[in-house]
Amino acid sequence: MTANRLKQAALTLFADSGYEGVSLSEIAKSVGIKTPSIYAHFDSKEQLFIELLEDAIREEREKFLLLLQGMEDHPPIERLYAVFLFYTDLDQITKGQSFLKRTMLVPPRHLESRLSQYFTTYEEEVTVYVSALLRGSSNGGTLGEEQAERLLALFYALIDGLLVEHKLYDSALYRKRQEQLWSWLREALKPGTA
C-alpha cells in the first residue's frame, strides 16, 4: 500500500517538476513517512522514476489499443484522425500521460540513453498501427515505401511539434494549429501529393 502511495505522490511531483525538481524527502513528506522508509520499497529515486515511466507507457499503450479496437469498423482515415487526436488533445490527459509527455520533452540528462530505449520501443509498436492507417488512408492504400516513410515522419513531426506548442500557446491558437496540421496531413494523403 505504501509503495502505491509513494508512486502516486512521485508521479504528481515528477509530472509537475521533473526528475531534477523533486527530492526523495519531498515524496516521503507528501505521503507522511520519513525519507529512509522509501528504501523499503524502492532502491533509489531512479528506480522509482523508471517504474513510473514503465507504468505510464503501459497505460498510454493500453488506451491507444482500446481506441483502435473501438474504431475497427471505421474507415482508415477516421481511425488515423482519432490517433492524431489521441496524441494531440492534451487538455484531458491523465497524470501518467502528463508525466510521460514531460519526460519525453525534458528527460533527466543522466537517464537520456536509457529512456530513449523505452521511447523507441514504444514508438516502434505505435508505428505498426500508424503505418497501416497511413497506407489505408492514402492513394487507395498503394503507398510506396519511401512515401510511407515520409508520411510517417510527417505524422510524428506534427504530434511532437504540437506537444511543444501545447505548452507555449493559448487554447484557441493551439486548436487552430491542431486543425491546420491535420488538414495538411490529410492533404498529403491525397493521390499524387505523398
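Higher on the page you've got the structure.
Residues numbered from 1 in each chain as written. Predicted model: local features only at pLDDT ≥ 70, side-chain atom pairs only at ≥ 80, totals over all residues. Heavy atoms only, no water.

Undergrad: For the nonpolar core, give the residues involved together with the corresponding values.
TA: Judged by nonpolar contacts, the single largest core of 58 residues is most densely connected at Phe14, Ile27, Leu80, Phe99 and Phe155. Ranked by the residues each element gives to this core, the list is headed by helix 7 (residues 145–168), at 10 residues. Residue contacts for Phe99: discarding those within four places in its chain leaves Leu11, Phe14, Ala15, Phe49, Leu52, Leu53 and Ala56. (Core = buried A, V, L, I, M, F, W, Y, C linked by side-chain atoms within 4.5 Å. Buried < 20%, exposed > 50% of the residue type's maximum accessible area, 1.4 Å probe, protein only. Helix = DSSP H or I, 4+ residues; strand = E, 2+ residues; numbered from the N terminus. Contact = heavy atoms within 4.5 Å.)

Undergrad: How would you sum up the environment of Trp184? Please name residues and give values.
TA: With respect to the secondary-structure elements, Trp184 resides in helix 8 (residues 171–188). With 144 residues separating them in the primary sequence, Trp184 and Ala40 have C-alpha atoms 52 Å apart. The contacts of Trp184, once residues within four sequence positions are left out, are Leu154 and Leu158.

Undergrad: Quick rundown of the packing of helix 3 (residues 45–70) against helix 6 (residues 112–137)? Include the residues and the values.
TA: Two numbers describe how helix 3 lies on helix 6: the axes approach to 11 Å, and their chain directions differ by 5°. Taken as axis vectors, helix 3 and helix 6 run roughly parallel relative to one another. Of the residues in helix 6, those in contact with Glu46, Phe49, Ile50, Leu53, Glu54, Ile57, Glu60, Arg61, Phe64, Leu65 and Leu68 of helix 3 are Arg114, Leu115, Tyr118, Phe119, Tyr122, Glu125, Val126, Tyr129 and Leu133. Along the lines of polarity and charge, the residues of the contact of helix 3 with helix 6 split into 14 nonpolar, no polar and six charged. (Axes fitted to C-alpha atoms, helices over the stretch in contact; angles between N-to-C directions. Parallel < 35°, antiparallel > 145°, perpendicular 65-115°, else oblique. Nonpolar A, V, L, I, M, F, W, Y, C, P; charged D, E, K, R; others polar.)

Undergrad: Would you mind going over the packing of helix 3 against helix 4 (residues 76–88) in detail, with residue names and values included?
TA: In the contact formed by helix 3 and helix 4, the axes pass within 10 Å of each other and the chain directions differ by 155°. Classified by the angle between their axes, helix 3 and helix 4 sit roughly antiparallel to one another. For the pair helix 3 and helix 4, the sense of crossing is right-handed. In contact with Glu60, Lys63, Phe64, Leu67 and Leu68 of helix 3, helix 4 contributes Ala82, Val83, Phe86 and Tyr87. Residues of the contact of helix 3 with helix 4, tallied by class, amount to seven nonpolar, no polar and two charged. (Left-handed = near helix turned anticlockwise from the far one by under 90°.)

Undergrad: Describe helix 2 (residues 24–31), listing the residues and the values that go with them.
TA: Turning to helix 2, its buried residues are Leu24, Ile27, Ala28 and Val31. Axial view of helix 2: buried residues confined to an arc of 95°, hence all on one face. Looking at the packing, one finds that the buried side of helix 2 touches helix 1 (2–17) and helix 3. Phi turns positive, to about 80°, at Gly32, one or two residues after helix 2. (Arc of directions from axis to C-beta.)

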